[in-house]
Amino acid sequence: MARLKVFTWSDGFHAFTVAASSRPKALKAWGMTQDIFKSGLAREITDGPTFDAAQAQPGEVIQTGEAIDPGEISKAPRRRRDSGPTPAKKARVADLEGRLERLDGTQTTDIGNLEAQVAALQKQRSVLEDDYQAERRDLVALLKAARAWR
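Position labels on residues start from 1 in each chain and follow its written sequence. Confidence filtering applies because this is a predicted model: local features only for residues at pLDDT of at least 70, side-chain atom pairs given and counted only at 80 or more, and all residues used for totals across whole chains, interfaces and linings. Hydrogens are left out, water is left out, and the side-chain values use all remaining heavy atoms of the structure.

## With respect to the environment of Asp11
Let me state the cut-off plainly: Only runs of H or I of at least four residues qualify as helices and only runs of E of at least two qualify as strands under DSSP, and these elements are numbered from the N terminus. Buried means the residue's accessible area, taken with a 1.4 Å probe over protein chains only, is under 20% of the maximum for its type, while exposed means over 50%, and partly exposed covers the values in between. Whenever two N or O atoms come within 3.5 Å, that pair is a polar contact, provided that in protein one can donate a hydrogen and the other can accept it, and provided that, for residues adjacent in sequence, both atoms are side-chain atoms.
Take Asp11: it is sitting in the loop between strand 1 (5-10) and strand 2 (14-20). Of the residues examined, Asp11 reaches a relative accessible area of 38% and is grouped as partly exposed. Expressed as a C-alpha distance, the spacing of Asp11 and Leu41, which sit 30 residues apart in the sequence, is 8.7 Å. From its side chain, Asp11 meets the backbone nitrogen of His14 in a polar contact 2.7 Å long.

## So, the sheet that holds strand 2
The strands making up a sheet are joined through hydrogen bonds of the backbone, oriented either antiparallel or parallel. Quick reminder of the rule: For two strands to pair, DSSP has to find at least two bridges joining them. Structural elements are reduced to axes, namely lines fitted to C-alpha atoms, with helices fitted over the stretch in contact, and the angle between N-to-C directions of any two is expressed from 0 to 180 degrees. A contact between two residues is defined here by any heavy atoms of the two lying within 4.5 Å.
Taken in spatial order, the four strands make up an open sheet running 3-1-2-4, and their pairing is antiparallel. Strands at the two margins of the open sheet, each flanked by one partner only, are strand 3 (42-45) and strand 4 (62-65). Ignoring which end each strand starts from, the neighbouring axes of this sheet average 30° apart. In this sheet, strand 2 lies alongside strand 1 in antiparallel orientation, the contact comprising six bridges. Residue pairing across strands places Phe7 opposite Val18, the latter belonging to strand 2. Here helix 2 (residues 49-56) sits on the sheet and contacts strand 1, strand 2, strand 3 and strand 4; the angle it forms with strand 2, its principal contact strand, is near 45°.

## Side note on a negative patch on the surface
Keep this limit in mind: Patches in this entry comprise residues that are over 30% relatively accessible and not in a salt bridge; like charges within 9 Å are linked, as are nonpolar side chains (Val, Leu, Ile, Met, Phe, Trp, Tyr) within 5 Å. Here the accessible surface of atoms and residues is derived via Shrake-Rupley with a 1.4 Å probe, and residues count as covered only by protein chains that are part of the display. Should a side-chain nitrogen of Lys or Arg be within 4 Å of a carboxyl oxygen of Asp or Glu, the pair is scored as a salt bridge. In this tally Asp and Glu are treated as negative and Lys and Arg as positive; neither His nor the chain ends contributes. Each charge is placed at NZ for Lys, CZ for Arg, CG for Asp and CD for Glu.
A surface patch of like charges, here negative, comprises Glu129, Asp130, Asp131, Glu135 and Asp138. Mapped onto the secondary structure, Asp131 falls in helix 3 (residues 87-147). According to the relative accessible area criterion, Asp131 is partly exposed, its value standing at 47%.

## Structural notes on the packing of aromatic side chains
The geometry of two aromatic rings is summed up by the distance between their centres and the angle between their planes. We apply this condition: Note on aromatic contacts: the rings of Phe and Tyr and the six-membered ring of Trp form a pair at centre separations within 6.5 Å, being stacked when their planes are under 30 degrees apart, edge-to-face when over 60 apart, and tilted otherwise.
Tallied over the full model, the rule gives four aromatic pairs. Between the aromatic rings of Trp9 and Trp30, the centroid separation amounts to 6.4 Å while the plane-to-plane angle is 70°, which identifies the pairing as edge-to-face. Residue Trp9 is located in strand 1, and its partner Trp30 is located in helix 1 (residues 23-30); the two are separated by 21 residues in the primary sequence. For the pair Trp9 and Trp30, a shared accessibility class is recorded, and that class is buried. Through a chain of ring-to-ring contacts, the aromatic side chains of Phe7, Trp9, Phe16, Trp30 and Phe37 assemble into a single cluster.

## Here we look at the nonpolar core
This is how the line gets drawn: Side-chain atoms within 4.5 Å link the members of a nonpolar core, which is a set of buried Ala, Val, Leu, Ile, Met, Phe, Trp, Tyr and Cys residues.
Counting eleven residues, the largest nonpolar core is built from Phe7, Trp9, Phe16, Val18, Ala20, Ala26, Leu27, Trp30, Ile36, Phe37 and Ala42. When contributions to this core are tallied by element, the ones reaching two or more residues are strand 1, strand 2 and helix 1. For Phe37, the contacting residues outside a window of four places in its chain are Phe7, Arg23, Ala26, Leu27, Trp30, Ala42 and Arg43. If you look at the next biggest cluster of nonpolar residues, it comprises six residues, including Val6, Ala19, Ile45 and Ile62.

## A short note on helix 1
Where we set the bar: Regarding the arc, it is the one traced by the directions from the helix axis to the C-beta atoms.
Along helix 1, the residues classified as buried are Ala26, Leu27 and Trp30. When helix 1 is viewed along its axis, its buried side chains cluster within an angular range of 100° and face the same direction. More than 90 degrees from the buried face of helix 1, the exposed residues found are Pro24, Lys25 and Lys28. Of the surrounding elements, those touching the buried residues of helix 1 are strand 1, strand 2 and strand 3.

Shown next as structure tokens:
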């Protein structure tokens, strides 16, 4: 088996590193058709954190960000646990809950009033219909009697 070499190149934002037995195989792993070794864009490396990572995964392209120095990565500071809502937030929630309760009560009252008005109008319509039917019945009877003289 051939000894693996580690090759890298950068697009300015990311570094792409691969462990391969030759430059053509590195170019193939990167999906390159142009020899970027000739232009000096790609090069062989012999140490560093990406060297070790590439050696651990031969043939796999290791991508790292250029803006981050792997030696200076540290854990983000822990966020302080929230101690709960402030008195102002509690007052705001109480105010909004009260407004919502009043709105719901007003809606219930308004709907009840409209339903009462609808019931009254339906009753009035029923009385008008009954009066109409009674008067029409009387007029039809009178008309029938008036036509009977012929």
